[in-house]
Amino acid sequence: MSDKVRVALYWCASCGGCEEAFVDLAEDLIKLAEKVEIVFWPVAIDMKKSDVEQLPDESIDVSFINGGIRLSEHEEMVKLLRRKSKVVVAFGSCAHLGGIPGLANLYSKDEILKYVYLEAPTVVNPEGTMPKEVVKVDGQELELPKVLRLVKALDQVIDVDYYIPGCAPPPDVVKKALDTLLSGKLPPKGSVLGASSRSLCDECDLNKTKPEKILLKDLKRVHQVKLDLSKCYLAQGVLCLGPVTRGGCGTLCIKGGMPCTGCFGPLDNVKDYGARALSYLASILDYDDEAQAEKVIEEYVADPAGWFYRYSLPKSLVRGRYQGSGGEAHG
Amino acid sequence: MSDVRIGVYVCHCGKNIGGVINPAKVAEFASRLPNVVVSRDYMYMCSSPGQALIEDDIKKYNLNRVIVAACSPRMHEPTFQAVLKRAGLNPWLLQMVNIREHVTWVHEDTPDKAEEKAEELIAAAVARAAHLYEITTEKAPVVKSALVIGGGIAGIRAALDLANAGIKVYLVEKKQSIGGKMAQLDKTFPTLDCSKCILTPLMVDVARHPNIEIYAYSEVVDVSGSAGDFKVKVKLKPTYVDWSKCTGCGLCVEKCPGRAPSEFNEGLGFRKAIYFEFAQAVPRKPVIDPRYCLWFTKGICRVCSKVCPVGAIDYEQKERYVELNVGAIVVAIGYEIYDMSKMVEYGYGKFKNVITGLQLERLSDADGPTKGKILRLSDGKEPKTVAIVLCAGSRDEKHVKYCCRFGCAAALKHVYYIKHSVPDSKVLIFYTDVRAFGKGFEEFYQKVRSWDDVYFIRGRPAEIFEDKDGSLVFDVYDSNTGQLINVKADLVVLESAVVPPKDWEPLRRLLKVSCDPGGFALELHPKLRPFETTADGIFLAGTIQGPKDIPDTVAHAAAAAAAAIGFLLKGYVESVPYLATVNEDLCSGCGLCASVCPYDAITIEEKEGRRVAKVNMIRCKGCGACAATCPSGAMQQNYFTDTQILSEVSTLAGGAK
Ligand SMILES: Cc1cc2nc3c(=O)[nH]c(=O)nc-3n(C[C@H](O)[C@H](O)[C@H](O)COP(=O)(O)OP(=O)(O)OC[C@H]3O[C@@H](n4cnc5c(N)ncnc54)[C@H](O)[C@@H]3O)c2cc1C
Ligand code: SF4
Ligand code: SF4
């Protein structure tokens, strides 16, 4: 065995962006290749589950797992990787917090399948074929992965050592996280790597343009205002989640003229991202009567769960919509 | 304090708790909870033996957390905190669990469940107690001086009381003279003594008092700092007279040809362009009203400057500002008459012979525009029939909802004025209720009722019309007799509603004092603390807190002064234990906490190249708004940190057993 660091990369319910995030390291990738040996990466290398099964336990130094846990297959694979790895890193918002797929927790499994296979306007399915867990093809019985009742973040299924935030994690953050991991000087377990310990405002150039008090009479969506890019967006009435979001991204969205949507998740001291976000917004809305506030929320924050829990619904205290007692989410 | 050692004390409160649940069983349950070293029950924990039990245990078992499961912390938290103090523990290592109001009193019918609830609450408190920490408060010195805003009878009384207690007082009055509405009254009910005769000696006392500095014709424009150490910016409006030179001889006023409607006489009659508010004005220093002065309006005249023997006239004078540093502020800016022209149906402002009660005061005053004769404004004739309308604008959904509290008594006094000036007149009083509640009022009411040609009619006039001869006609539905009466009167007097002064709103915002639905200043407690406000160090005197007659105003002002004196002489202000504290490492300087703090206790400051929040310990009242807002979890509130609350809540959510 070489003295290179043995690394595995795996994807669960993800869009592929996190895989891309590795490729985005560009020339740094070459330097990385000198230090690491990739033992498992289904996207790039043709390897099967059985290959991993054959590895001795804890023989992988670091496994980077991205995507939320949506299928029984994901559950199986991450448990397997956990057994085979010394360190497991949840890579990207979905593995970290449940991510955008986690918003599916607002619907039941049946509702989702029904919509996706029968009702969606782009679907043509005259026979009403629905996915089954066991199918017969040419006399052969095939077993397909099961759709789980709820999407979960990685640490709701296995023990996770570190997190790399972002949707997807920007190259700088990935690089910094890798440097930390490869340096051998490991931070305390549970740390979020490559990012800041303070909220985005701390590194935002526009923070100093904030007025002494921000009390909002009106909320605006980005397409409804001509944003002054040199002034704090929040102060202009645009719902920026920078204050409640971990910094470290280098304010990429802000620099691109878009408010922060919160993909880096909450700070260490915050238990529930969306609840915090809502709490801070509610505090600075300056209304005398409730009806007025309700109207603004309805008009501008039309989809509160989508706003405040865009990346973190599975990790929230409620985890998703209540689907009757006895469920896995409510133990 | 790494090693958490908890003592749990379950009180029977006689039968209050012990009659419903079994405290011994609950204590036994508690003894099995994590970190609990000792757990006991006792008949009355708050009694001396009960307290001694805890105190001894603290020493014997080396306890560093105490949980008392008894009544509401509002009741006995201080009692048990004192026990901890005596035993050498920080009082904030106490956690109370309310198993009386929250458990046995409300679940008497289901004792089993009540017992379970008590246990769960105690388990939650045990979880929370592990996260309690020592809290110390801080003291800041108090500046031994006071600002009194408004120089009516309330401000005068408060200023004198403060000054007599040895406190330096700055009295800021927006008009040329102190005195307020009381100076405009002819006589005062129910004793009918001359208003000015009892007021002006007090005004002179104020002027002469070595501890009082009057800023007349001035306004408060900025207030910063906090209780015990306010910085106040006062604007001295230009008077165009150098008051340091002026001797108050009044020659300028005498000779001035400029004429302006007299505010003091409520628009009846005129004053000069250079004027004193009224003859006995304090300070006796005139001001020029540039809106009417011929030099300012037409560039001619300058008579005043020619006659002034000391050369005090200064047409170039500009506004000036002074900065005052005071420990306490007494707000005494009084009230205003509701704009009666808003009640179009009564024709005030349109019909000359419809006047307000305060205008009648001016007509009745020997110093007034008619030398004390009550006459009709349209033709100068004596009114033979006078209608007095009570609750004009008051207790009226469309105008002012509350009662003015002195209109009824003032109306009785006004009957006297009219009968005194025009003995053969007929007076009709239209009332809704006659509220003669004050000392001596009922006797006064009975006396007025007994006079000839004085009629009390229960009803509010419908629309008032003017006759060709200037008299007024209207219909009234008399609810006592059920009849519609047709009235023709020579003069109508409206006992008008009262409202807070127009410039109260901006001042209120500066002072951060809340207001009631009528706009008047909101007291700290309607019964127990009626002259204090939610803003520490700011006190209320007189009618700015709500309508009052003079005796009530004076009592209120004296109480406010006493409270302010107590506050100032204590010598220090102390921070609240429930203080907000910032974890600077986590703080991003987003500034949202500062945005929501109702006490302006938070500033964002530069520190080592970045922005961080800073809490002013004395200003913070521990409301928790910032902690709930802080998106970083950097702002925490003592005794209510996220960790403390969450450990309690999650224990409750998980069940006690
Ligand atoms: C028609 C009528 C008759 C009445 N008759 C009687 C009676 O017979 N007996 C009785 O007991 N009560 C009577 N009252 C009630 C009496 O007027 C009040 O009780 C009394 O005047 C209240 O005193 P005050 O100091 O609170 O307010 P005010 O007398 O209104 O004094 C407030 C002072 O503050 C000043 N001020 C206002 N705003 C500011 C500012 N922003 N900055 C600085 N200064 C400011 C004002 O110029 C004024 O000098 C009568 C009221 C009316 C309307
Ligand atoms: S709200 Fe929190 S993060 Fe923002 S400035 Fe205040 S303490 Fe700092
Ligand atoms: S607790 Fe309340 S008073 Fe204290 S700083 Fe926070 S917001 Fe201000």
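What you see as residue numbers is a count from 1 along each chain, following the sequence as written. All chains are assigned letters beginning at A, and all ligands numbers beginning at 1, according to the order in which they are written. Only residues with pLDDT of at least 70 get local features here, since the model is predicted, and only at 80 or more are side-chain atom pairs given and counted; chain-wide, interface and lining totals rely on the full set of residues. To get the side-chain values, all heavy atoms of the structure are used, and hydrogens and water are removed first.

Caption draft 1: Focus on the nonpolar core. All names here are of chain B. Buried Ala, Val, Leu, Ile, Met, Phe, Trp, Tyr and Cys residues form a nonpolar core when they are joined through side-chain atoms within 4.5 Å. Buried means the residue's accessible area, taken with a 1.4 Å probe over protein chains only, is under 20% of the maximum for its type, while exposed means over 50%, and partly exposed covers the values in between. Leu147, Leu162, Val232, Ile329, Val331, Trp504 and Leu511 are the most contacted members of the largest nonpolar core, which has 65 residues in total. Runs of H or I in DSSP of at least four residues are treated as helices and runs of E of at least two as strands, each being numbered from the N terminus. If one sorts the elements of this core by residue count, helix α7 (residues 153-164) sits on top with 8 residues. The residue makeup of this core includes at least three contributed by each of domain 2 (145-180 + 192-235 + 323-328 + 513-571) and domain 3 (238-318). The residues touching Leu162, leaving out its near neighbours within four places in the chain, are Ala146, Val148, Ile167, Val169, Val330, Ala561, Ala564, Ile565 and Leu568. All the domain ranges listed were derived from an automatic or database domain assignment. In what follows, a contact means two residues having at least one pair of non-hydrogen atoms within 4.5 Å.

Caption draft 2: Layout of the site of ligand 1. Residue and element names in this part refer to chain B. Being near a molecule or strand, for a residue, comes down to having at least one heavy atom within 4 Å of it. Surveying the vicinity of ligand 1 reveals 36 residues, the closest of which are Glu173, Lys413, Thr543, Lys548 and Ile550. Taking Ile153, its main chain carries an N or O atom lying 3.2 Å from an oxygen atom of ligand 1. At 2.7 Å, a backbone N or O of Phe189 approaches an oxygen atom of ligand 1. Broken down by secondary-structure element, the contributors of at least two residues to the shell around ligand 1 are α7, β8 (187-188), α12 (357-364), α13 (407-421) and α16 (550-570). Taken together, domain 2 (145-180 + 192-235 + 323-328 + 513-571) and domain 4 (336-499) each give at least three residues to the shell around ligand 1, which thus spans both. A 3.5 Å cut-off defines polar contacts: any pair of N or O atoms within that distance qualifies, except that in protein one atom must be a possible hydrogen donor and the other a possible acceptor, and neighbouring residues in sequence count only when both atoms are side-chain atoms.

Caption draft 3: Spatial organisation of unusual backbone geometry. The peptide bond linking Cys167 of chain A to Ala168 of chain A adopts the cis configuration, its omega dihedral lying at -10°. Note on placement: Ala168 of chain A falls in the loop between β9 (162-164) and α7 (171-183). Looking along the chain, the bond that leaves Val282 of chain B and enters Pro283 of chain B is cis, with omega of -5°. Here Pro283 of chain B shows up in the loop between β15 (274-275) and β16 (287-288). Although it is not a glycine, Ala26 of chain A sits at a positive phi angle of roughly 55°. Looking at the element boundaries, Ala26 of chain A is found in the loop between α1 (17-23) and α2 (28-35). A positive phi angle, close to 55°, is found at Cys391 of chain B, a residue other than glycine. You can see Cys391 of chain B is positioned in strand β21 (residues 385-392).

Caption draft 4: Inspection of the domain arrangement of chain A at higher detail. Residues and elements named next belong to chain A. When cut into domains, chain A gives domain 1 (5-100 + 149-195), domain 2 (107-147) and domain 3 (200-315). Measuring from the centre of the C-alpha atoms in domain 1 to the corresponding centre in domain 3 gives 30 Å. If you look at the interface, domain 1 gives 18 residues, while domain 3 gives 15 residues. Between domain 1 and domain 3, the buried area comes to about 1,300 Å², and carbon and sulfur atoms account for 67% of it. Throughout, buried area stands for the accessible area (probe radius 1.4 Å) lost by two parts on being put together, summed over both. The largest contributions to the domain 1 side of the interface with domain 3 come from Leu97, Pro170 and Ala195, which together make up 36% of the buried area. Should a side-chain nitrogen of Lys or Arg be within 4 Å of a carboxyl oxygen of Asp or Glu, the pair is scored as a salt bridge. Applying the counting criterion to the domain 1 and domain 3 interface returns 1 salt bridge.

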